[in-house]
Amino acid sequence: MQYHSTRDNSISVSSAYAIKQGLSVEGGLFVPESFPTVTLEQISWLADRSYHDRAQFVLGKFLTDFSEDDLKKCITGAYTKEKFGTDAIAPVYKLNNSVYFLELWHGPTCAFKDMALQILPHFLTTSMRMTGESEEIIILVATSGDTGKAALEGFRDVNGTRIIVFYPDNGVSEIQKLQMITQRGDNVSVAAVRGNFDDAQNGVKKIFTDGEYKTLLGRNGFKLSSANSINWGRLVPQIVYYFSAYADLIKSNEITLGDKINIVVPTGNFGNILAAYYAKKMGLPVNKFICASNENNVLTDFIRTGVYDKNRSFHMTISPSMDILISSNLERFLYDLSGQNDRIVAELMAQLAETGKYEVSDDIKAKMQELFDADCCDDKETMSAIKKTFNESGYVMDTHTAVGKCVYDKYTARTADKTKTVIASTASPFKFNQSVLIALEDYNAVAGKDEFELLGMLEQKSGMKVPASLAELKDRTIIYNTVVDKDQMKNTVSDFLKVE
Ligand SMILES: *Cc1c(COP(=O)(O)O)cnc(C)c1O
């Protein structure tokens, strides 16, 4: 299996190269040249297998240059019971006869980014070895919260790598911030950027496309790579859990082999929902994808009208990991919908860069709308969804998952669609404890309480245990308190690497 760039079909590289490189030279994203197929018989076979076997099966279809043994080492190194607290790795929770939560947050940082970022460092070091790489890999990450910590945990003390994480100064939750500024590891660095997530992300993109700087780093034995969701090594592990969820529903007789399901994904960068779409392209029976956004509803408008327009005000919401106006992975979706037309993608991306806006053809729009539904909700509706679901069933959702549930409820009210539905549950409620508690109680209940009192309160209310990785933050020392302007990010990298 070879990989093209979304902006240049003449580029054809192995998966090891695509993973090592992160972004293609002309700014495009790596995509598989074709999609391997999975039959219903194979899906039925998966039902009786462990998560490791399911991952080996799905990943092996894409990472064809990895030996079976190398792949196995990546999988068993990443998805351990010690790190995920459960052999299921990504368990499915039944809310009622039609709604299931795919819980993707049992990893070390309590959010779904762990599903990809625990395995990416293994992919990357294997890819380096396979391609004869001797330079030290420098991972640059712009994060709206969850990616940063998950990447730090994934890469810390991995030989031959260093990692620098930038997060928007006021765009992450207290817990997320604490998780990052107390990060341990000899090869890590963390800095806050004055601005929002897009400022941080654009800053990182600028560094990546700076040819002169790349040469300078190269002279010093460094090679930049990305752990952002644009890296193919981030996306491909996410395809696995959609097959895994379906396999679990078969195993527990909730569905019959071949039944179509709906998949709802609380969306930001469009990575998680794209992985679900790729699973369908491979043969997973899916009826509708429901793209759920918060008040930053650029994707809702896009899917409904075919016009992508990021020229709108940016909202800071209680689901900060979805506070995004440029969804990078949408580029891969456009490439697919346009029939792998690199010219169209390059053109649309140029328009986006120039004017912040583009419109897709009627043909692309029609294909998109056939499969995708989209809606959004504001913070108030998100809070009501948390409270309503808790009152009805005792299940506590985090704020991102609640956006998914709220949008799903709007969808069923609008369409009366009774198809069984899997909602991607993307974070532990403990990670966003303050907003969750305000939803369950009120503002007064949380006033004047610190993060750790809130964790205790939520434990009592939910009957769930505080995840150990969050409880122990209390005794950690703060190591990183740098705040930089967005045009200073390159200097921060240089300082950390000691290059001039
Ligand atoms: C990253 C993240 C999302 C959005 O996922 P995308 O792949 O960027 O669409 C949703 N919820 C949580 C908790 C996240 O961390």
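Structure's up top.
The text that follows walks through the structure, step by step, so that each part is easy to find. (Residues numbered from 1 in each chain as written. Predicted model: local features only at pLDDT ≥ 70, side-chain atom pairs only at ≥ 80, totals over all residues. Heavy atoms only, no water.)

Turning our eyes to something else, we now look at the pairing of strand β7 (residues 161–168). In terms of burial, β7 is largely enclosed, as seven of its eight residues are buried. Sheet analysis places strand β6 (residues 136–142) next to β7, joined by six bridges and oriented parallel. Paired with I139 across the strands is I163, a residue of β7. For the handedness criterion, the β-α-β arrangement of β6, helix α8 (residues 146–155) and β7 is classed as right-handed. Sheet analysis places β7 next to strand β8 (residues 188–193), joined by six bridges and oriented parallel. Pairing of I163 across the sheet is with V188, part of β8. The parallel pair β7 and β8, bridged by helix α9 (residues 174–181), forms a crossover whose chirality is right-handed. (Buried < 20%, exposed > 50% of the residue type's maximum accessible area, 1.4 Å probe, protein only. Helix = DSSP H or I, 4+ residues; strand = E, 2+ residues; numbered from the N terminus. Pairing = 2+ DSSP bridges. Right-handed = clockwise from strand over helix to strand, strands pointing away.)

As summarised here, the arrangement of the six strands in space is β4-β5-β15-β10-β11-β14, forming an open sheet in which the pairing is mixed. Strands with a single pairing partner mark the edges of an open sheet, and in this sheet they are β4 (92–94) and β14 (372–376). If you compare each strand with its neighbour and ignore which way they point, the axes differ by 25 degrees on average. Of the pairings in the sheet, the one linking strand β5 (residues 99–103) to strand β15 (residues 421–425) comprises five bridges and is parallel in character. If you follow V99 over to β15, its bridge partner there is T421. (Axes fitted to C-alpha atoms, helices over the stretch in contact; angles between N-to-C directions.)

A few words on the packing of aromatic side chains. The tally for this structure, following the rule as stated, stands at 24 aromatic pairs. Between the aromatic rings of F62 and W232, the centroid separation amounts to 5.5 Å while the plane-to-plane angle is 65 degrees, which identifies the pairing as edge-to-face. Of the two residues, F62 sits in helix α3 (residues 51–62) while W232 sits in helix α12 (residues 232–251), which places them 170 residues apart along the sequence. Of the residues examined, F62 reaches a relative accessible area of 0% and is grouped as buried. Pairwise contacts between aromatic rings join Y3, F35, F62, W232, F270, Y277, Y278, F289, F333 and F372 into one cluster. In this arrangement the basic side chain of R162 is found over the ring face of F496, its NZ or CZ atom lying 5.8 Å from the centre. (Phe/Tyr/Trp six-rings, centres within 6.5 Å; stacked < 30°, edge-to-face > 60°. Lys NZ or Arg CZ within 6 Å of the ring centre and 35° of its normal.)

Note that F101 resides in strand β5. For F101, a relative accessible area of 0% gives the class buried. Sequence separation between F101 and T421 is 320 residues; the distance between their C-alpha atoms is 8.5 Å. When sequence neighbours within four positions are dropped, the list of residues in contact with F101 reads P91, V92, Y93, L95, Y395, M397, T401, K405, I423 and S425. (Contact = heavy atoms within 4.5 Å.)

Here we take up the environment of L284. Structurally, L284 is set in the loop between α13 (271–282) and β11 (286–293). Along the sequence, L284 and S10 sit 274 residues apart, while their C-alpha atoms lie 30 Å from each other. The residues contacting L284, other than those within four sequence positions of it, are I43, Y242, F243, Y246, I263 and A279.

On to the packing of helix α15 (residues 330–337) against helix α16 (residues 342–355), then. Helix packing geometry: the angle between the two helix axes and the distance between the axes. Two elements in contact, α15 and α16, have axes separated by 9 Å at closest approach and are oriented at 140 degrees. Taken as a pair, α15 and α16 cross one another with a handedness that is right-handed. Here E331, L334 and Y335 of α15 lie close against α16, whose contacting residues are D342, V345, L348 and M349. (Left-handed = near helix turned anticlockwise from the far one by under 90°.)

Attention now goes to the pattern of salt bridges. Counted according to the given criterion, the structure contains 25 salt bridges. Note that E153 is salt-bridged to R156, the shortest N-O span being 3.6 Å. Between D199 and K486 there is a salt bridge, with its nearest N and O atoms 3.4 Å apart. Here D199, found in helix α10 (residues 197–208), pairs with K486, found in the loop between β16 (483–484) and α24 (489–497); they are 287 residues apart in sequence, far enough to count as distant. A relative accessible area of 47% means that K486 is categorised as partly exposed. Shared partners join several salt bridges into a network, and the residues in it are R304, D373, D375 and R414. (Salt bridge = Lys/Arg side-chain N within 4 Å of Asp/Glu carboxyl O.)

Function-wise, these values are silent; they only describe arrangement.
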